[in-house]
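Single-letter residue listing:
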Amino acid sequence: MRLKKKHVALCMLLLICGLYFISHSDFLITRSPAELSWHGDRLVSRASWVQRGDYLPLNDGAQQDRALAPADRREPGADSHTDPTRDMRTHFRVCRFIMETGVKLGMRSVPVATACVLYHSFFQRASIHVYEPYLVAMSCVYLAGKVEEQHIRTRDIINVSHRYFNKGSTPLECDKEFWDLRDSVVQCELLILRQLNFHVSFQHPHKYLLHYLLSVKSLVNRHAWSRTPVAETSWALLRDCYHGAMCIRHMPQHIAIATLYLALNSYGVELPVGEREWWQVLCEDLTKADIDAVISDLLQLYDMEAKCL
């Protein structure tokens, strides 16, 4: 009995030592660890998953519409020659994909917003020419469900995404193709966590906008408020902010007030004038320049939408 306990203790010690000395590269998405290297706390890859064949596309025919053409994919050192407008259009389309997927999966607004923030935060640290954006988006939806406690099954994410790219298609069979894609989504989730240093909890403008709407509503004539869809427009503008990186570039309080400010001005709703502006009362560190900056970024997104149609 004593000998058996010694064997168990020895096995546990060997297991702990093995886990301690395992390199973090052993957990990365790649069949060839030499293709990935760590520079400080950043992961650098010399080839994209698509080029290495590690990513299983949902639809080969949709590659042109949803990603950059292979001829335009460059090495990480050549990012200075890329077209930022083209990258912004790609991010816009991918975020629209995240939102449509979230709606079809029955996700709440905050988990969908978290998925978009995860996506933009990841590509702040990584090049879109290295990683397949739609695979990252699928993993962000999966991870956001965990972060916001609305867990979504990977099978549902894969089937909804497959239907998104292949209109009228049937759900994927549980064959090798499905399991390869599922493994890619799950392993990509680990990559996102490492790139973000496991900082995946964010403050969103939603709770601030709700508070500001209730405060402003008490200052407006109730008949004028009921005739104008200020609240609905504010929520719609807030949702649109997540199509671009402005959702991580500005403070959540500033985004909430800017969307409310734009909605009020759009319908000509005036608030009582006091010693300070109403938005200064709600957020003391906010300036008119901050509001203008948020609105300018939002209008650029609407211009981007027109170019993406």
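All figures in this text were calculated on a predicted structure; none of them were measured in a lab.

What about the packing of helix α4 (residues 84–104) against helix α15 (residues 288–308)?
Following both chains from N to C, one finds α4 and α15 inclined at 90 degrees, their axes separated by 10 Å at the closest point. With respect to α15, the axis of α4 lies roughly perpendicular. Taking contact as the criterion, the partners of Thr85, Met88, Arg89, Phe92, Arg93 and Arg96 in α4 are, on α15, Leu301, Met304, Glu305, Lys307 and Cys308. Looking at side-chain class alone, the contact of α4 with α15 contains five nonpolar, one polar and five charged residues.

As for the layout of surface pockets
Computed from the structure, the largest pocket encloses a volume of approximately 450 Å³. Lining of the largest pocket is provided by 24 residues; of these, Pro84, Asp87, Met88, His91 and Ala245 occupy positions nearest its centre. Elements represented by at least two residues in the lining of the largest pocket include exactly α4, α5 (109–125), α12 (246–249) and α15. When residues in the lining of the largest pocket are grouped by element, the largest group, five residues, is from α4. Its boundaries defined by the atoms lining it, the second largest pocket holds a volume of some 380 Å³. If you go around the second largest pocket, you meet 17 residues; those closest to its centre are Leu271, Pro272, Val273, Glu277 and Trp278. Only α9 (206–217), α13 (252–266) and α14 (278–282) provide two or more residues apiece to the lining of the second largest pocket. By residue class, the composition of the lining of the second largest pocket is 11 nonpolar, three polar and three charged.

Some words on the state of the cysteines
Taken as a whole and assessed by the stated rule, the structure comprises zero disulfides. Not engaged in a disulfide, the cysteine cysteine 116 finds its nearest cysteine sulfur in cysteine 95; these two sulfurs lie 4.6 Å apart. We note that cysteine 241 lacks a disulfide partner, and the nearest cysteine sulfur, in cysteine 247, lies 8.1 Å from it.

Thresholds applied
Residues numbered from 1 in each chain as written. Predicted model: local features only at pLDDT ≥ 70, side-chain atom pairs only at ≥ 80, totals over all residues. Heavy atoms only, no water. Axes fitted to C-alpha atoms, helices over the stretch in contact; angles between N-to-C directions. Helix = DSSP H or I, 4+ residues; strand = E, 2+ residues; numbered from the N terminus. Parallel < 35°, antiparallel > 145°, perpendicular 65-115°, else oblique. Contact = heavy atoms within 4.5 Å. Nonpolar A, V, L, I, M, F, W, Y, C, P; charged D, E, K, R; others polar. 1 Å grid on protein atoms, 1.4 Å probe; cavity = no way out; pocket = protein on both sides within 12 Å on 5 of 7 lines; lining within 4 Å. Points joined across faces, edges and corners; volume = space filled by probe spheres on them. Disulfide = S-S within 2.5 Å.

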